[in-house]
Each structure stands twice: as structure tokens, then as C-alpha cells.
Amino acid sequence: QIPFVPVTNSAVNLRAQDAGIDINLRGNIHILPNIAGFVGSDTVGVMLACDFLEPGPVQLAVDVGTNGELALRKDSVMMVCSTAAGPALEGAALSCGMRAANGAIEHVSFTEKGVECEVIGGTASIGLCGSGIIDLMAELLDSGIVDQLGRIVSPEELPAGISPFLAERIVTVDDQPAFLVSEEDENGAGRRVLLTQKDIRQIQLAKGAISAGITLLLKEMSLTIEEIDEILLAGAFGNYIRKRSAQRIGLLPPVPEERIRFVGNAASTGAKMALLSRSTRKNADRISICARHIELAALPDFMNAFMDSMMFP
């Protein structure tokens, strides 16, 4: 219930028989500590895996998901926050969105002849997963089919010289504009895959929440984008996102691409480290105590930052 105060922030140990885990009945189940209501032990795991307790460069860890978690470290100071990004970037809440499974379009490129799609499993396309959604949005922005406000432009407003193969893919579905990514019979099977105007609004809300969180976290620590030495991209599909596409839509800040590093499922890595090391568990406790949690919605600048972040670069 609001205000979502956790029952405990401390680590918890349980016997397997009390937790219903099917291992040795006396086996110990160790649950890492959390930091706040929506910044849980998975974020602590990310920070463990990324050595946030060690002195080093200014690092920003971004865990993209329905509840996006951000962690910023400068010297010994750590700040964290959560952003209610929603499920759009994971393929949910979109007309043709899906999880990363066979048939999901995972990468998109626009060419002179139209749209090239990479499909998981090499099968006919049936939907768009997260990395494909981000690629597609970047290409739509680059081509001028979608403007800075996130609006699919009318055929009359298209930039001069745009490929007719792309222009003809702007269609109307249920009285709203949409972009046709793939036709049902282009690959001999599959289904018609579209990105509608309503879908784009959902993507704007998701990327805007994460971008606003980054902006405000930097402001709280009196840092600029240029001072970020490294962006660590975590999460289930982090490894599959094209850096340029993520920056083009404003999901990630405009730092040199070499400063962006994929760390995979860092939460799982941190959990494995804690499984094997008592000292790592102590470090997890230190992170839980020392990391300062920022409640974004309580900041006076939040709404303005969120509205600005919904715009595309």
C-alpha cells in the first residue's frame, strides 16, 4: 500500500523447508537486502556485480524493465531511484509487441528498398520485441516519418527524397496512423506487424520515465552528462539493444558509444557472487545502508523533466 514502505531492508535467511524450496530441507535460503520499496535486492545484485563499492570512474547502471532501476556512483557516493517505465520497451502493451521468442523482430533497418528485419529463429515475423522496437523507433525518427513530438507525419509532410517503399508503409488502422513493418505474406507466413500512433505514445512514456530518472539523478549528484565515465546497461534484453538506437530515441544519454557497456543479467551475477562469498553478502549490506534512495515523484522538477524527456531528440 502507498507509500510502499518495505517491511525490512535487511537480508533475510530462511530454511529451505520453511520457504518451500525443493533442496536439502536444512539448506539456507539467503535473500539479499533491498534499498527501498521499488529498488530491491536485484538492484543490489547489479551494484555488487558492477563493483559499486570500489573507487573508480563515475558509473551509471541502467536496468531497463517495467520498473526501471537506476544507480549512480561517484567516488564513495551512491544514489538510486526507480522509474515507472511500464512494459512497452519489453514488448507488452503494444499492438504487435511480444517477448523475445521465435518470430519476434529483434532488429530493424531501413534501406532504399524498404524495411529489413532480423527475426529470432529465422522464421516469419509475428511481432516486435524490445530491441526491435527501439531499432524501429530510431529508424522512423531518422527517416522523418516520426517527428520530435512522436507524431507519425502525414504523406504530405514527409521529407523530400524519402524512399517511396517507406512512404507507402504509412497506413491507417482503426482511424489512426500506423507504420507497416512487415506484411503477412512477405515471408510466406507470419502476421501483419504494425506500429501504431498509440504504440508510439506508450514508447514515449517508457523512455521518458527512464530518461527523466537519469536527468534528475545526475542533478541530485551535481553531475553533467559529460561527466559520466561509463553507462552499464543491464537487464534481460540489454545485451541486444543497439547503442545508437537507444541514444537516438533518448533512452540513453548522448555519451560516446564506447562509454556504454553491456553487463547482461547483472542481478543474477550479483546473486551468484553472494552465494559463493560471505564477504560479498556483507558488501550487499553496505550497499543497502549507504545507497541514498531518491523518490523521483517527490522532486519539484520531476514533472517538467518527465515532460521534456518524452520528446525525441
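Numbering of residues starts from 1 in each chain and follows the order in which that chain's sequence is written. Only residues with pLDDT of at least 70 get local features here, since the model is predicted, and only at 80 or more are side-chain atom pairs given and counted; chain-wide, interface and lining totals rely on the full set of residues. Values shown for side chains rest on all heavy atoms present in the structure; no hydrogens or waters enter the calculation.

One rule of thumb: low pLDDT means the predicted coordinates there are not for detailed reading. pLDDT measures how confident the predictor is about each residue, on a scale from 0 to 100. Of all residues in the chain, 98% have pLDDT values of 70 or greater, and the mean over the chain is 91. Across the chain, helix 8 (residues 278-290) holds the top mean pLDDT of 96, while helix 4 (residues 164-167) sits lowest at 90. Numbering of helices and strands runs from the N terminus; a helix is a DSSP stretch of H or I covering at least four residues, while a strand is a stretch of E covering at least two.

By secondary structure assignment, the location of Thr83 is in strand 5 (residues 77-84). Residue exposure (1.4 Å probe, protein chains only): buried if accessible area is under 20% of the type maximum, exposed if over 50%, otherwise partly exposed. Look at Thr83 and you get buried, because its relative accessible area is 2%. Throughout, a residue-residue contact means that at least one pair of heavy atoms, one from each residue, lies within 4.5 Å. Residue contacts for Thr83: discarding those within four places in its chain leaves Thr66, Asn67, Gly68, Leu70, Ala209, Ile210, Gly213 and Leu296.

We define a salt bridge as a side-chain nitrogen of Lys or Arg found within 4 Å of a carboxyl oxygen belonging to Asp or Glu. Within this structure, the stated rule accounts for eleven salt bridges. Glu220 is paired through a salt bridge with Arg292; the nearest N and O atoms lie 3.3 Å apart. One end of the pair, Glu220, is in helix 5 (residues 197-220); the other, Arg292, is in strand 14 (residues 292-293), with 72 residues separating them in the sequence. Judged by relative accessible area, Glu220 falls into the partly exposed class, the value being 28%. By relative accessible area, which is 42% here, Arg292 ends up partly exposed. With a shortest N-O distance of 2.8 Å, Glu230 and Arg261 are connected by a salt bridge. Placement of the pair is Glu230 in strand 12 (residues 230-234) and Arg261 in strand 13 (residues 260-264), with a sequence separation of 31 residues. Where salt bridges share partners, they join Glu118, Asp135 and Arg242 into one cluster.

Below, the discussion takes up the sheet that holds strand 14. Any two strands with at least two DSSP-identified bridges between them are counted as paired. The mixed open sheet is built from six strands, whose spatial order is 13-12-3-4-5-14. The two strands at the open ends of the sheet, each matched to only one other strand, are strand 13 and strand 14. Bridge count for strand 4 (residues 67-74) against strand 5 is eight bridges, and the pairing is antiparallel. Counterpart to Ala71 in the pairing with strand 5 is Val80. For helices, the axis comes from a line fit to the C-alpha atoms of the stretch in contact; other axes are also lines fit to C-alpha atoms, and the angle between any two N-to-C directions lies between 0 and 180 degrees. Across the sheet, helix 2 (residues 41-49) lies against strand 3 (59-63), strand 4 and strand 5, angled at about 40° from strand 4, the strand it touches most.

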